Amino acid sequence: MGDFPSPPGGFAPAPVQSTRRNTELALIVAAIGVTTVSLMLVEVSMEQALTLDLLKYGVTFAALFLAAHLAVRRFAKYADPLLLPIVALLNGLGLVLIHRLDLSDQENARYMGLPPPSPDATQQVLWTALGIALFIVVLVFLHDYRLLARFSYTLGLIGLIALAIPALLPSRFSEVNGAKIWIRLPGFSIQPGEFAKILLIIFFASVLVAKRDLFTTAGKHFLGMDFPRARDLGPILAAWIISIGVMVFEKDLGTSLLLFTTVLVMLYIATERVGWLIIGFSLLAVGFYAAYQMFGHVRVRVETWLDPLADYNNTGYQISQSLFGLATGGVAGTGLGSGRPGQVPFAKTDFIVAAIGEELGLIGLAAILLLFLILVVRGMRTALAVRDSFGKLLAAGLSFTLAVQLFVVVGGVTKLIPLTGLTTPFVSYGGSSLLANYLLLALLMKISHAARQPAIPRKKAPTPIAEAKTEMMGRE
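With an unreviewed UniProt entry as reference, the protein is termed FtsW/RodA/SpoVE family cell cycle protein, source organism Rhodococcus pyridinivorans. Under the heading Subcellular location (unreviewed entry), UniProt records this for the protein: "Membrane".

Okay, structure coming up:
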């Protein structure tokens, strides 16, 4: 069969793959516009005027995300164009709600004749700036995310130490609202568990790739499913013990659930065996039942979840006020600045979802949940598209931990599950959460860049002289 004939003038060059950075820029500008308009609505509704805070927050917010876009354009130009704009919109709406609650706190202070408290929105902008700075640093200096696999055991050890430090510190240096999850020093506080979860995800992704044959070894076959051998259960038992330890010694149900379910799903993705899921969820049920029977703080959480109105003035007050606020918001919400979300304790952190539901209603809350859904789905698409196994597991673990955290937060606020104390990613007030989530976003962007980057064609090596074909040439 003959070669395909070349057309006159030769073949046209292959089209250059679009990086879609202009699409990203347009979406970021739209997110900045939505944030600015929302800030204006809050100002007009609560202050009946536009203050300098609007200019301060709006300009700083725009400058930060335009800088982040320029960094992506330079150092991860093939990354998914939807990830950064979605985060910009979520962060912007969180800033709007925090500013709205600041104005409510100042109004209450004036009514009671007290000095106005310092605005938390200013701190949130500062933490956002630090988060985006960390995001840019990772993009610039982490040339290949696969380098993390070389240091996986070191990163895992650091993650375990960071997770354990609050439990070992005295309560005055680590406990806030009953949970020992902080490192509190004069003028400085940090929640190390936020960073530990990312380090542990990197560690488990590397281990699951390196030891995949161990986890896929056939054990007993029961009810149509393959279960692992008893001697291969070490890693999942280790993750279970760590999770139970976090719940018992740090009184942090949310981080415990987040860590174990993320590791369990990564294990399932690596092996494609349902038996691991059954064993994992069985261990989880046994652990929570034992904790409920043995520890009073777990029992209080469950009893409050079952009937918050039974102790309305004490343990049930927070969840009850949250439910009242969601009911007040209804379908369309009261409007920005027109509700009373400040009556819910910790409305800026653990219960910012209740503030969203009250002022933006079911429609606004569903829109924000849809943004998170798109963010998680795009992360999972990155996991499917990337070529190496470590990148697949790392992207899937990072994306799934966002999904689990959102489920735990929204489930607790709406009384679907007991309260856990986790914050809404990119939306809630808090420095540790923002910094850790921007680190997570940067890793996803680097993996997405590698997944979407066109393959570099390899030049054909010249044929060795010893293998070159020869032919006889006649004399003329």
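After that view, the rundown keeps rolling.
*Asks:* In this structure, what is going on with the nonpolar core? I would like to understand it.
*Replies:* A general trend in soluble globular proteins is that nonpolar side chains are found buried together. Counting 120 residues, the largest nonpolar core has L84, F135, L394, F426, Y438, L441 and M445 as its most contacted members. If we ignore the near neighbours within four places in the chain, the residues touching M445 are E24, V72, A76, A79, D80, L83, L84, F135 and L139.

*Asks:* Which parts of the structure should I look at to understand helix 10 (residues 253-271)?
*Replies:* Along an α-helix, residues three or four apart share an orientation, since each turn contains 3.6 residues. When the terminal C-alpha atoms of helix 10 are compared, their 27 Å separation across 19 residues agrees well with the 27 Å that a helix rising 1.5 Å per residue should span. Of all 19 residues that make up helix 10, 17 are buried, and the element is covered over most of its length. Positioned one or two residues after helix 10, E272 has a phi angle of 60°, which is positive.

*Asks:* Honestly, empty space enclosed by the protein in this entry has me stumped. Any pointers?
*Replies:* In this approach the atoms are scanned with a rolling probe the size of a water molecule, which exposes any empty space left behind. This model, assessed by the stated rule, comprises 5 cavities of 30 Å³ or more. Its boundaries defined by the atoms lining it, the largest cavity holds a volume of some 60 Å³. Around the largest cavity, the lining residues are L163, P166, I181, Q191, G193, E194, E250, D252 and T255. Among the elements of the structure, helix 5 (152-168) and helix 7 (193-210) are those that each provide at least two residues to the lining of the largest cavity. Residues of the lining of the largest cavity, tallied by class, amount to 3 nonpolar, 3 polar and 3 charged.

*Asks:* I keep staring at the layout of surface pockets and nothing clicks. Help me out?
*Replies:* Quantified by volume, the largest pocket comes out at close to 1,300 Å³. Surrounding the largest pocket, 45 residues form its lining, V176, N177, F346, D350 and G421 being those nearest its centre. Secondary-structure elements contributing two or more residues to the lining of the largest pocket are helix 12 (296-306), helix 13 (317-329), helix 15 (389-413) and helix 16 (431-452). Looking at the lining of the largest pocket, the element that brings in the most residues is helix 12, giving 5 residues. Per-class residue counts for the lining of the largest pocket are 18 nonpolar, 19 polar and 8 charged. Of the voids in this model, the second largest pocket is the one considered here, and its volume is about 320 Å³. Lining the second largest pocket are 14 residues; nearest its centre among them are Y145, R146, R387, A450 and Q453. In terms of residue class, the lining of the second largest pocket is built from 6 nonpolar, 3 polar and 5 charged.

*Asks:* Mind showing me how you'd approach helix 3 (residues 83-111) here?
*Replies:* For helix 3, built from 29 residues, the straight-helix expectation of 42 Å at 1.5 Å per residue is met to within 8% by its first-to-last C-alpha distance of 43 Å. For helix 3, the tally of buried residues reaches 24 of 29 residues, placing the bulk of the element in the interior. One or two positions beyond helix 3, positive phi appears at G113, with a value near 75°.

*Asks:* Can you help me understand the packing of aromatic side chains in this one?
*Replies:* Geometrically, a pair of aromatic rings is defined through the distance of the ring centres and the angle of the planes. Scanning the entire structure with this criterion turns up 7 aromatic pairs. With a centroid separation of 5.5 Å and 75° between ring planes, the pair formed by Y153 and F203 is classed as edge-to-face. Placement of Y153 in helix 5 and of F203 in helix 7 is noted, with a sequence separation of 50 residues between them. Since its relative accessible area comes to 54%, Y153 is described here as exposed. On the basis of relative accessibility, which here comes to 19%, the residue F203 falls in the buried class. Ring geometry for Y312 versus F324: centroids 6.4 Å apart, planes at 45°, classification tilted. Of the two residues, Y312 is situated in the loop between helix 12 and helix 13 and F324 in helix 13; the sequence distance between them amounts to 12 residues. Judged by its relative accessible area of 43%, F324 is partly exposed. The rings of Y153, F203 and F204 are connected pair by pair, giving a single aromatic cluster. Stacked on the ring of F75, the Lys or Arg R74 has its end atom at 4.8 Å from the ring centre.

The rules we used
- Residues numbered from 1 in each chain as written.
- Predicted model: local features only at pLDDT ≥ 70, side-chain atom pairs only at ≥ 80, totals over all residues.
- Heavy atoms only, no water.
- UniProt positions renumbered as here; feature names shortened; annotations may be inferred.
- Core = buried A, V, L, I, M, F, W, Y, C linked by side-chain atoms within 4.5 Å.
- Buried < 20%, exposed > 50% of the residue type's maximum accessible area, 1.4 Å probe, protein only.
- Contact = heavy atoms within 4.5 Å.
- Helix = DSSP H or I, 4+ residues; strand = E, 2+ residues; numbered from the N terminus.
- Expected span 1.5 Å × (residues − 1).
- 1 Å grid on protein atoms, 1.4 Å probe; cavity = no way out; pocket = protein on both sides within 12 Å on 5 of 7 lines; lining within 4 Å.
- Points joined across faces, edges and corners; volume = space filled by probe spheres on them.
- Nonpolar A, V, L, I, M, F, W, Y, C, P; charged D, E, K, R; others polar.
- Phe/Tyr/Trp six-rings, centres within 6.5 Å; stacked < 30°, edge-to-face > 60°.
- Lys NZ or Arg CZ within 6 Å of the ring centre and 35° of its normal.

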